[in-house]
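# Chain and residue survey
Next come the chains, spelled out residue by residue.
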Amino acid sequence: MDFMTDFAPYIGLAVILYAIRHTDRFSNKYIPIVAVVLGVLYAFWEAGAATPEATLIGLKYALLGIGTVAGIKYSVEKNLKK
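As a starting point, this report considers the structure included with it. Given the structure is predicted, the values throughout are model-derived calculations rather than measurements. (Residues numbered from 1 in each chain as written. Predicted model: local features only at pLDDT ≥ 70, side-chain atom pairs only at ≥ 80, totals over all residues. Heavy atoms only, no water.)

### Section: the packing of aromatic side chains
Under the defined criterion, the tally for this structure stands at 4 aromatic pairs. Taking 5.7 Å as the distance between ring centres and 50° as the angle between the ring planes, the aromatic pair formed by Tyr42 and Tyr61 counts as tilted. A residue pair is termed long-range when its members are at least 10 positions apart, and Tyr42 in helix α2 (residues 31–47) and Tyr61 in helix α3 (residues 52–81) qualify at 19 residues. By relative accessible area, which is 31% here, Tyr42 ends up partly exposed. (Phe/Tyr/Trp six-rings, centres within 6.5 Å; stacked < 30°, edge-to-face > 60°. Helix = DSSP H or I, 4+ residues; strand = E, 2+ residues; numbered from the N terminus. Buried < 20%, exposed > 50% of the residue type's maximum accessible area, 1.4 Å probe, protein only.)

### With respect to a nonpolar patch on the surface
On the surface, Phe26, Tyr30, Ile33, Val37 and Leu41 cluster together into a nonpolar patch covering about 460 Å² of accessible area. Counting through the fold element by element, Leu41 comes out in helix α2. (Patch = residues over 30% accessible without salt bridge, like charges linked within 9 Å, V, L, I, M, F, W, Y side chains within 5 Å. Areas by Shrake-Rupley, 256 points an atom, 1.4 Å probe, with all protein chains shown as cover. Salt bridge = Lys/Arg side-chain N within 4 Å of Asp/Glu carboxyl O.)

### Description of the environment of Val37
Here Val37 lies in helix α2. On the basis of relative accessibility, which here comes to 43%, the residue Val37 falls in the partly exposed class. Note: C-alpha distance between Val37 and Gly58 (21 residues apart in sequence) is 8.2 Å.

Below you can see the structure in the form of structure tokens.
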């Protein structure tokens, strides 16, 4: 069960970023900024304080969330071209 609790923030952030990517009211160029803000805020909440370690964990969440969204995007685009 530890794997699921460690993996859940990445999936949650990726779903939120993917939903934001498909809205017309929000420019896609701001998705990395939103990912960093959401990832760091979640890590602060998870740690219970604003620490340097929590900041790094939040940045890790953001990078993995952005990578997941980009991977899905390019995978879908590649399949549509075939």
